[in-house]
Amino acid sequence: MESEQFYKKIFLAGSFWNWIVSIPLFCLVWYLPTMIKITEPLYPIFIYFNLMTVAMFGCVSTPSLKSPGNAGNCQDSGLVKISHICIFIAAVVLLNMPSELTQFLAGGMVVDLLFGILFWRYLVFSRESARKN
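Residues numbered from 1 in each chain as written. Predicted model: local features only at pLDDT ≥ 70, side-chain atom pairs only at ≥ 80, totals over all residues. Heavy atoms only, no water.

Draft legend 1. Main features of helix α1 (residues 4–28). Relative to the 36 Å expected for 25 residues at 1.5 Å per residue, α1 spans 36 Å between its end C-alpha atoms, a close match to the ideal helical length. For α1, every residue scored as buried is listed here: Y7, I10, F11, G14, S15, N18, S22 and L25. (Helix = DSSP H or I, 4+ residues; strand = E, 2+ residues; numbered from the N terminus. Expected span 1.5 Å × (residues − 1). Buried < 20%, exposed > 50% of the residue type's maximum accessible area, 1.4 Å probe, protein only.)

Draft legend 2. Structural view of the packing of α1 against helix α6 (residues 99–132). Axis separation between α1 and α6 bottoms out at 11 Å; the angle between their running directions is 155°. With respect to each other, α1 and α6 are oriented roughly antiparallel. As α1 packs across α6, the resulting crossing turns out to be left-handed. Here E4, Y7, I10, F11, A13, G14, W17, N18 and L25 of α1 lie close against α6, whose contacting residues are F104, G108, V111, D112, F115, L118, F119, R121, Y122 and F125. Looking at the contact of α1 with α6, its residues break down into 13 nonpolar, 3 polar and 3 charged. (Axes fitted to C-alpha atoms, helices over the stretch in contact; angles between N-to-C directions. Parallel < 35°, antiparallel > 145°, perpendicular 65-115°, else oblique. Left-handed = near helix turned anticlockwise from the far one by under 90°. Contact = heavy atoms within 4.5 Å. Nonpolar A, V, L, I, M, F, W, Y, C, P; charged D, E, K, R; others polar.)

Draft legend 3. Quick peek at empty space enclosed by the protein. Tallied over the entire structure, the rule returns 1 cavity of 30 Å³ or more. Within this model, the largest cavity holds a volume of roughly 40 Å³. Taken together, V29, W30, P33, E40, P41, P44, I47 and Y48 make up the full set of residues lining the largest cavity. Of the residues that constitute the lining of the largest cavity, the class distribution is 7 nonpolar, no polar and 1 charged. (1 Å grid on protein atoms, 1.4 Å probe; cavity = no way out; pocket = protein on both sides within 12 Å on 5 of 7 lines; lining within 4 Å. Points joined across faces, edges and corners; volume = space filled by probe spheres on them.)

Draft legend 4. Examining helix α5 (residues 77–94) more closely. Between the first and last C-alpha of α5 there are 25 Å, a value that for 18 residues agrees with the 26 Å anticipated at 1.5 Å per step. Residues of α5 that are buried make contact with α1, α3 (45–61) and α6.

Draft legend 5. Fine view of the environment of R121. With respect to the helices, strands and loops of the structure, R121 is situated in helix α6. On the basis of relative accessibility, which here comes to 25%, the residue R121 falls in the partly exposed class. Separated by 114 residues in the primary sequence, R121 and Y7 place their C-alpha atoms 9.5 Å from one another. Every residue in contact with R121, bar those within four places of it in the chain, is listed here: E2, Y7 and E128.

Draft legend 6. A nonpolar patch on the surface, seen in detail. Residues I89, V92, V93, L94 and L95 make up a contiguous nonpolar surface patch of roughly 510 Å² in combined accessible area. Considering the arrangement of structural elements, one finds L94 in helix α5. Relative accessible area serves as the criterion here: at 69%, L94 is assigned to the exposed category. (Patch = residues over 30% accessible without salt bridge, like charges linked within 9 Å, V, L, I, M, F, W, Y side chains within 5 Å. Areas by Shrake-Rupley, 256 points an atom, 1.4 Å probe, with all protein chains shown as cover. Salt bridge = Lys/Arg side-chain N within 4 Å of Asp/Glu carboxyl O.)

Draft legend 7. Spotlight on the confidence of the model for the protein chain. The pLDDT averaged across the protein chain works out to 82; a share of 89% of its residues lies at or above 70. The spread of mean pLDDT over the elements of the protein chain runs between helix α4 (residues 63–66), the lowest at 66, and helix α2 (residues 32–35), the highest at 88. (pLDDT = per-residue confidence, 0-100.)

Draft legend 8. Highlighting the pattern of salt bridges. For the coordinates displayed, the defined rule picks out 2 salt bridges. The partner of E2 in a salt bridge is R121, and the shortest N-O contact between them spans 2.8 Å. With a gap of 119 residues between them, E2 in the segment before α1 and R121 in helix α6 connect regions that are remote in the sequence. Between K81 and D112 there is a salt bridge, and its shortest N-O distance comes to 2.9 Å.

Shown next as C-alpha cells:
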C-alpha cells in the first residue's frame, strides 16, 4: 500500500486541503464572527495570522508533490500539524473558548490530525525505504 506514488497523492490532497480552507476564509474574514456567532475579535490580525499559517502548510506540502523523497524536511509539517492539534485541545480545555468557535474549528482539526499522522507516517516510510536501499 505504501509507495512514493501513494504519498504524492497524500501531499497533493494535503496541499489542496490547506488552500481550499484558507483562500475562501481570507475572503470571508470580516464575516466569520457573524457566521459562527462569536464576538468580533479586538485584533483581527490574529485571524489573518492563523489563515496565513494554514496557507503556509499548503505551500510547504507543494514541493513534496514532485518528489516526496527530495522535499527535505517539508514532511516535518506533519509533526507541526500534530502539535497544532495538541495546542488546540489544550486551548479548548484550559481557556474559555466559545463553543461555537470550537465547533467551527473542530472539523478542520480532525482533518489536520489525519494529514499530520499521514505526513508523519511518510517520514517513517521514507527512512525505512532508505535503509533498504
